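# Architecture at a glance
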2 protein chains.
Amino acid sequence: MNKLTIGLFGFGCVGQGLHYALEHSTGFRAAIRRICVKHRHKARTLDAAYFCYDKAEILADEQINVIVELIDDADEAYSIVKEAICKGKHVVTANKKMLALHLQELLDLQKQHGVSLLYEASACGSIPIIRSLEEYFDNEELVKVSGIFNGTTNYILTKTIADGITYPEALAQAQAKGFAESDPTSDVEGYDALYKTVIIALHAFGVVLRVEQLFRCGITTLQQEDITYASEKGYKIKLTPTIKRLSGNRLTAYVIPRFVRPTNHLYKVDDEFNGVVVEGTFSGEQFLQGRGAGSLPTGAAVLSDVSALSYGYQYEHKKHHQDTHLDFTNDVLIRIYLRYENEEDIARLAFERITERYTGEKYQYVIGLVHLSTLLAQAEYLRQRHLFIAAMEQ
Amino acid sequence: MNKLTIGLFGFGCVGQGLHYALEHSTGFRAAIRRICVKHRHKARTLDAAYFCYDKAEILADEQINVIVELIDDADEAYSIVKEAICKGKHVVTANKKMLALHLQELLDLQKQHGVSLLYEASACGSIPIIRSLEEYFDNEELVKVSGIFNGTTNYILTKTIADGITYPEALAQAQAKGFAESDPTSDVEGYDALYKTVIIALHAFGVVLRVEQLFRCGITTLQQEDITYASEKGYKIKLTPTIKRLSGNRLTAYVIPRFVRPTNHLYKVDDEFNGVVVEGTFSGEQFLQGRGAGSLPTGAAVLSDVSALSYGYQYEHKKHHQDTHLDFTNDVLIRIYLRYENEEDIARLAFERITERYTGEKYQYVIGLVHLSTLLAQAEYLRQRHLFIAAMEQ
């Protein structure tokens, strides 16, 4: 077992969770030597001697062999993680944005410097999804990975359906409860889910996707009519990233709200919980559910990475190094619900086929097949026109 | 990566699944050198040259460095596994009975000979439960692990409620579909679930339990009245092993049918599926679901162990080697439903408190608190009298 001396960046919700988990862990101790924080005058729960305000103090400290990076700022995180790796320190991070934006470079750097970069806490909180993909499903061809990767939007969506409240009301409630940031953009516009999709795609299918390749649609355009429609049909609305293998060694991925039926595993994943469905050629459907947010659950995920380091664990990125190369494509038809305003809206999406059309005094919708590539091209148009779309279950 | 040369024992459902999974695995190849089988004249799907009928031919083969043991007979499996370990070969097994009955000895032997003994496929089919407990929850104090560990009984119980058929009818259906053996005793009497409970308890709580310490109750005494009772109340009946930490570093475990409500994760785990709920102090409730039986799902679990061997993986049995020692106890009150015949039945269970009592012309039941130790003492009585008991949700 390697002796770990930790330099911690960030002492917010997750950082404090990690500290608590380390203190109360059974059978494992690793010492936090220094904690680098931004705000000099904030009240802290630990002795002042722990804290520093200059990242160089930690990065230059040769006794520190593990950097745990838990700050919000993705650019700053990138600079810290990169420097740490180049200095031969192992890194544990929970920063999905930083990872998703620099995945290939970080993979290369880590390999080049022979250190370990672990990030279980970056995706789906306390669900051991990356470890399971990397170590358990490593030799099985996966067909599909989908799920609920973002706790904030799931909390909001749950409340709109369960309590019959509007999206702005539910968002305000989520903010009051600490499940949503004061600027909720990254969550509600689907960026957070997208970053996690990119990370999970690497471990599930071996591909390094670029965020701009993927269609992403959040939940900000959700209106009362859409909630009513879903409720009447017995659906719930979930923001569901999907990564799917297609014929001819192709793969597609996208983030979209979805109407889910009671028979879907994700139907019962409510509030701030996350859920992942992993479909393998041999094992069929596996379903994993756990807490997607919160100080301790995320802190525990970070702890599990730190603990793994003590045994010299590294992701092998096995699928990434396997022979099968999958090409990303948006040349896929998906069946969607579109709440629209005028015929131009429908024309823009160039439906391959419309199977249902409803017009009423309050709202109107169509259901039909569209090309994912068209959705990607029209994403900004949809947002600006406040049109709501949701994928229909097959 | 270590070169693996496999000697396989057994070529039934799981053995053939492993062979298929190995042949169709992405990025991983391990060679099966010999397969030892019992029946000389059975038609085989592989070339006859693969097969042998004397275990010594495989065990003495120095080129074989991995034994995969997938036979039914637990005594024979024990003898094979023991000899293999003593000869310095790594072992992968799916034999829960053999493991549960010899757990401590096998742990010691494995350590003594410095080989790896892996058995992911022994518990809950394609759910990576042992690996997750061992590698992800290793440093977190767990509160409870419960679930549906047996696919056969779950299939039967699902059919009784969903299709309103009797236990014997559902059993016959399960046998016709290949989900139940011609002698279903091990499944329906709860032995299979009990063995898995013992195995999971080791990795979740570090304890080596003896099967005879645990109260075990299967589903063979289930009658139409119990099914009606459950249906009317909106419950489903599930055979649910439970392992639970108690105050004062104590732990209890038992296997019992349970009435579960729709809010329970296990409610939706139907047919031959398994589900596990892992409750941690930090991470809260995690829920994992997957296929509990079948050639390919179980074969894939075996494959994941074989693949892990190629990276030199061993269970560290981390919780077992941690300081906290948990004492097993049956000194616990649980709330049960008892369908009884006469007052003697009730007297035998020495209820601490009876909270409900129903008497009708067709059947009668009481609901109340009993000591687990009393249930253990009266287990045989309950079976012989065909009384049905089920735990009530708290």
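## Side note on the overall build of chain A
Helix and strand content of chain A: 15 helices and 17 strands. In terms of C-alpha radius of gyration, chain A reaches 22 Å, essentially the compact-globule figure of 21 Å for 394 residues. Put simply, chain A has 394 residues, and 61% of those count as buried. Counting only contacts in chain A whose residues sit at least 6 apart along the sequence, the fraction spanning at least 24 positions is 72%. Here chain A has roughly 15200 Å² of accessible surface; of this, 46% comes from carbon and sulfur atoms. For chain A, the separation between the mean place of its 42 positive charges and that of its 50 negative charges on side chains is 2 Å.

## Concerning the interface of chain A and chain B
On the chain B side, the residues contacting the 48 residues of chain A number 48 residues. Of the roughly 3700 Å² buried at the junction of chain A and chain B (both faces included), carbon and sulfur atoms supply 53%. Interface area lost by chain A to chain B is led by Y136, N139 and F282 of chain A, which between them contribute 23%. Run the count over chain A and chain B and you get 0 salt bridges. Linking chain A with chain B are 18 residue pairs in polar contact (both at pLDDT 80 or more).

## Here we look at the sheet that holds strand 3 (residues 51-52) of chain B
All names here are of chain B. Read across the open sheet, the 6 strands follow the order 3-2-1-4-5-6; overall the sheet is parallel. Since the sheet does not close on itself, it has two edges, and those belong to strand 3 and strand 6 (117-118), each with one partner. Contacting strand 1 (5-9), strand 2 (31-36) and strand 4 (66-69), helix 1 (residues 13-24) crosses the sheet at an angle of about 155 degrees to strand 1.

## Quick notes on the pattern of salt bridges
Under the defined criterion, the tally for this structure stands at 44 salt bridges over all chains. E343 of chain A serves as the salt-bridge partner of R357 of chain A, at 3.4 Å between the closest nitrogen and oxygen. Placement of the pair is R357 of chain A in strand 15 (residues 353-359) and E343 of chain A in helix 14 (residues 343-349), with a sequence separation of 14 residues. For the salt bridge of D226 of chain B with R339 of chain B, the shortest nitrogen-to-oxygen distance reads 2.7 Å. Here the residue D226 of chain B occupies a position in helix 11 (residues 224-233), and R339 of chain B occupies one in strand 14 (residues 333-340), the gap between them amounting to 113 residues. Judged by relative accessible area, which is 0%, D226 of chain B ranks as buried. Residue R339 of chain B is classed as buried on the basis of its relative accessible area, which comes to 2%. Beyond isolated ion pairs, a larger network of salt bridges with shared partners links K96, D192 and K196 of chain A.

## Examining the packing of helix 3 (residues 74-86) of chain B against helix 5 (residues 103-113) of chain B
Residues and elements named next belong to chain B. Packing of helix 3 against helix 5 leaves a shortest axis separation of 9 Å and a crossing angle of 20 degrees. With respect to helix 5, the element helix 3 is oriented roughly parallel. Considering only the axes of helix 3 and helix 5, their crossing is left-handed. On helix 5, the residues touching Y78, V81, K82, I85 and C86 of helix 3 are E105, L106, L109, Q110 and H113. Here the residues of the contact of helix 3 with helix 5 sort into 6 nonpolar, 2 polar and 2 charged.

## With respect to the packing of aromatic side chains
Aromatic rings considered in pairs are described by the distance between their centres and by the relative angle of their planes. On inspection of all chains with the given rule, the structure shows 37 aromatic pairs over all chains. Relative to F137 of chain A, the ring of Y136 of chain A lies with its centre 5.0 Å away and its plane at 85 degrees, an arrangement referred to as edge-to-face. Both residues of the pair, Y136 of chain A and F137 of chain A, belong to the buried class. One aromatic cluster is present, formed by Y229, Y235, F259, Y337, Y358, Y363, Y365 and F388 of chain A through successive ring pairs. We note R44 of chain B situated over the ring of F51 of chain B; from NZ or CZ to the ring centre the distance is 5.4 Å. A cation sits over an aromatic face here: R216 of chain B above Y191 of chain B, 3.8 Å from the ring centre.

## Let's talk about the packing of helix 7 (residues 151-162) of chain B against helix 8 (residues 167-176) of chain B
How two helices pack is summed up by the angle between their axes together with the distance between the axes. Residues and elements named next belong to chain B. One can describe the packing of helix 7 onto helix 8 by two numbers: an axis separation of 9 Å at closest approach and a directional angle of 130 degrees. Considered as vectors, helix 7 and helix 8 are oriented oblique to each other. Note that helix 7 runs across helix 8; the crossing there is right-handed. Along the contact surface, helix 7 presents Y155, I156, K159 and T160, while helix 8 presents Y167, A170, L171, Q173 and A174.

## Side note on the sheet that holds strand 3 (residues 51-52) of chain A
Residues and elements named next belong to chain A. Pairing is parallel in the open sheet, where 6 strands are placed in the order 3-2-1-4-5-6. The open sheet is flanked by strand 3 and strand 6 (117-118), the only strands paired with a single partner. In this sheet, strand 4 (residues 66-69) lies alongside strand 1 (residues 5-9) in parallel orientation, the contact comprising 4 bridges. Of the residues in strand 4, the one forming a bridge with L8 is V68.

## Some points on the side chain of S310 of chain B
Residue and element names in this part refer to chain B. Tracing the chain through its elements places S310 in helix 12 (residues 295-310). Judged by relative accessible area, which is 1%, S310 ranks as buried. Reaching out from S310, the side chain makes a polar contact with the backbone oxygen of S307 at a distance of 2.5 Å.

## Re the relation of the copies chain A and chain B
Each of the two chain copies goes to the other by way of a rotation about an axis and a shift along it. For these two chains of identical sequence, chain A goes onto chain B by a turn of 180 degrees and a shift of 0.0 Å along the axis, with RMSD 0.0 Å. The two molecules are tied by a two-fold rotation axis, judged by turn and shift. Closest approach to the rotation axis within chain A is made by the C-alpha atom of L288 of chain A, at a distance of 2.2 Å. Residue by residue, 100% of the interface of chain A is reproduced at the interface of chain B, so both copies engage with the same surface.

## Describing the state of the cysteines
Residues and elements named next belong to chain A. Scanning all chains against the criterion turns up 0 disulfides over all chains. Left without a disulfide partner, C52 is nearest to the cysteine sulfur of C36, which lies 4.4 Å away. Given the relative accessible area of 1%, C52 is considered buried. This cysteine, C124, is not joined by any disulfide, and C13 carries the nearest cysteine sulfur, 17 Å off. Residue class for C124 comes out buried when judged on its relative accessible area of 0%.

## Re a negative patch on the surface
Side chains of D72, D73, D75, E181 and D183 of chain A sit close together on the surface and give a patch of like negative charge. With respect to the secondary-structure elements, E181 of chain A resides in the loop between helix 8 (167-176) and helix 9 (185-188).

## Brief notes about the pairing of strand 4 of chain A
Two faces, one strand: in a regular strand the side chains alternate between the faces of the sheet. Residue and element names in this part refer to chain A. Along strand 4, one buried face is formed by V66 and V68 and the opposite face, lined by I67 and E69, is buried too. Here 4 bridges tie strand 4 to strand 5 (residues 90-93), and the two strands are oriented parallel to one another. Bridge pairing links I67 to V91 in strand 5. A crossover connection joins strand 4 to the parallel strand 5 through helix 3 (residues 74-86); in handedness this β-α-β unit is right-handed.

## Quick look at unusual backbone geometry
Backbone phi values are negative for most residues with the exception of glycine, while trans is the configuration of most peptide bonds. Although it is not a glycine, C124 of chain A sits at a positive phi angle of roughly 65 degrees. Topologically, C124 of chain A is positioned in the loop between strand 6 and helix 6 (129-135).

## Structural notes on helix 8 of chain B
All names here are of chain B. When we look at burial in helix 8, the residues that qualify are Y167, A170, L171 and A174. The buried residues of helix 8 occupy an angular sector of 100 degrees when the element is viewed end-on, so they sit on one face. Within helix 8, the exposed residues directed more than 90 degrees away from the buried face are P168 and A176. Contacts from the buried residues of helix 8 go to helix 7 and helix 9 (185-188). Trailing helix 8 by a residue or two, G178 shows a phi angle of about 85 degrees, which is positive.

Cut-offs and rules
Residues numbered from 1 in each chain as written. Chains lettered and ligands numbered in written order. Predicted model: local features only at pLDDT ≥ 70, side-chain atom pairs only at ≥ 80, totals over all residues. Heavy atoms only, no water. Helix = DSSP H or I, 4+ residues; strand = E, 2+ residues; numbered from the N terminus. Rg over C-alpha atoms; globule rule 2.2 N^0.38 Å. Buried < 20%, exposed > 50% of the residue type's maximum accessible area, 1.4 Å probe, protein only. Contact = heavy atoms within 4.5 Å. Areas by Shrake-Rupley, 256 points an atom, 1.4 Å probe, with all protein chains shown as cover. Lys, Arg positive; Asp, Glu negative; His and termini not counted. Charge placed at Lys NZ, Arg CZ, Asp CG, Glu CD. Buried area = accessible area lost by both parts, 1.4 Å probe. Salt bridge = Lys/Arg side-chain N within 4 Å of Asp/Glu carboxyl O. Polar contact = N/O pair within 3.5 Å; in protein donor to acceptor, adjacent residues only side chain to side chain. Pairing = 2+ DSSP bridges. Axes fitted to C-alpha atoms, helices over the stretch in contact; angles between N-to-C directions. Parallel < 35°, antiparallel > 145°, perpendicular 65-115°, else oblique. Left-handed = near helix turned anticlockwise from the far one by under 90°. Nonpolar A, V, L, I, M, F, W, Y, C, P; charged D, E, K, R; others polar. Phe/Tyr/Trp six-rings, centres within 6.5 Å; stacked < 30°, edge-to-face > 60°. Lys NZ or Arg CZ within 6 Å of the ring centre and 35° of its normal. Least-squares fit on C-alpha atoms with pLDDT ≥ 70 in both. Disulfide = S-S within 2.5 Å. Patch = residues over 30% accessible without salt bridge, like charges linked within 9 Å, V, L, I, M, F, W, Y side chains within 5 Å. Right-handed = clockwise from strand over helix to strand, strands pointing away. Arc of directions from axis to C-beta.

Take it as geometry only, folks, not as evidence of what the structure does.
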